[in-house]
Amino acid sequence: MNRLLISFTLITCSFSAFSAMTYSLDQLQEKINSQHRPDVMLPVVIGEASNFTSLDNCKDWLENQMKPYEKYPYVVDIGGRPDQFNVKIYTENKRYTFDCMIAPNINATIYEAEYQS
């Protein structure tokens, strides 16, 4: 049973490593400029914070979390909703989504997703 579990884990990890895509920063910027953003796998939550007193406080917290990614291409996606703030940052092999939302409290969530090949 243990061998079967280990074999399954190795095969799954190997498959996911081969199915991920990598881009250069120039390729990413070109895709963003042409409105053809890379497809991603299922996003995973890597950070959360809650109970901010205002959407501006939430944005300030997210901007602080985004500092390590300042050199990467990004897209601010407001989407016409005044109760949400969303920034997608595109690194060579992953997309990070920084999201503030009022629902009903003001919460921040950071997602990470690998690119699909």
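Owing to the predicted nature of the structure, the values given are computational and were not obtained by experimental measurement.

## A closer look at helix 2 (residues 25-33)
Phase 1 of the analysis: Three or more residues of helix 2 are buried, namely L28, K31 and I32. What you see down the axis of helix 2 is that its buried residues fit within an arc of 100 degrees, all on one side. In this structure, helix 2 carries D26, E30 and N33 as exposed residues pointing more than 90 degrees from its buried face.
Phase 2 of the analysis: Contact partners of the buried residues in helix 2: strand 3 (74-76), strand 4 (84-90) and strand 6 (106-116).

## Remarks on the packing of aromatic side chains
Phase 1 of the analysis: Overall, the coordinates contain five aromatic pairs when judged by the stated rule.
Phase 2 of the analysis: Seen in terms of ring centroids, F52 and W61 are 6.0 Å apart; in terms of plane orientation they differ by 50 degrees. Their pairing is tilted.
Phase 3 of the analysis: Of the residues examined, W61 reaches a relative accessible area of 25% and is grouped as partly exposed.
Phase 4 of the analysis: Arranged with centres 6.0 Å apart and planes meeting at 55 degrees, the rings of Y69 and F98 form a pair that is tilted. Highlighted residues: Y69 in the loop between helix 3 (55-66) and strand 3 and F98 in strand 5 (residues 94-102), separated in sequence by 29 residues.
Phase 5 of the analysis: Using a relative accessible area of 2% as the deciding quantity, one classes F98 as buried.
Phase 6 of the analysis: Among the aromatic side chains, those forming a connected cluster through ring pairs are Y69, Y72, Y96 and F98.

## Brief notes about the nonpolar core
Phase 1 of the analysis: Counting residues in each nonpolar core, the largest one holds 16 residues, and the members touching the most others are L62, F98, C100 and A108.
Phase 2 of the analysis: Put simply, the parts of the chain that give this core at least two residues each are strand 2 (44-52), helix 3, strand 4, strand 5 and strand 6.
Phase 3 of the analysis: With four residues, helix 3 is the single largest residue contributor to this core.
Phase 4 of the analysis: If sequence neighbours within four positions are ignored, A108 has contacts with G47, E48, A49, F52, C58, W61, L62, D99 and C100.

## Overview of the pairing of strand 5
Phase 1 of the analysis: Of all the nine residues making up strand 5, seven are buried; the element is thus mostly covered by neighbouring parts of the structure.
Phase 2 of the analysis: Pairing of strand 5 with strand 6 involves nine bridges; the strand directions are antiparallel. Bridging from a neighbouring strand, T97 pairs with Y111 of strand 6.
Phase 3 of the analysis: What sits between strand 5 and strand 6 in their antiparallel hairpin is a turn of three residues.

## Examining unusual backbone geometry
Phase 1 of the analysis: Located in the positive-phi region is Q35, a residue other than glycine, with phi close to 60 degrees.
Phase 2 of the analysis: You can see Q35 is positioned in the loop between helix 2 and strand 2.
Phase 3 of the analysis: On the basis of relative accessibility, which here comes to 61%, the residue Q35 falls in the exposed class.
Phase 4 of the analysis: Unlike most non-glycine residues, N51 shows phi in positive territory, near 60 degrees.
Phase 5 of the analysis: If you trace the backbone, N51 turns up in strand 2.
Phase 6 of the analysis: Take N51: its relative accessible area is 56%, and that puts it in the exposed class.

Analysis parameters
Numbering of residues starts from 1 in every chain and runs along the sequence as written. Residue-level local features of this predicted model are given only where pLDDT is at least 70; pairs of side-chain atoms are given and counted only at 80 or more, and the full residue set underlies all totals for whole chains, interfaces and linings. With hydrogens and water excluded, all non-hydrogen atoms of the structure serve as input to the side-chain values. Burial here depends on accessible area, computed with a 1.4 Å probe over protein chains only, as a share of the maximum for the residue type. Under 20% is buried, over 50% is exposed, and the range in between is partly exposed. For the purposes of this entry, the term helix denotes a DSSP run of H or I that reaches at least four residues, the term strand denotes a run of E that reaches at least two, and both are numbered from the N terminus. The arc in question is the one traced by the directions running from the helix axis out to the C-beta atoms. We call two residues contacting when some pair of their heavy atoms lies within 4.5 Å. A pair of aromatic rings is counted whenever rings of Phe, Tyr or Trp (Trp by its six-membered ring) have centres within 6.5 Å, and the orientation is called stacked for planes under 30 degrees apart, edge-to-face for over 60 and tilted otherwise. Side-chain atoms within 4.5 Å link the members of a nonpolar core, which is a set of buried Ala, Val, Leu, Ile, Met, Phe, Trp, Tyr and Cys residues. Note on pairing: two strands pair once DSSP finds at least 2 bridges between them.

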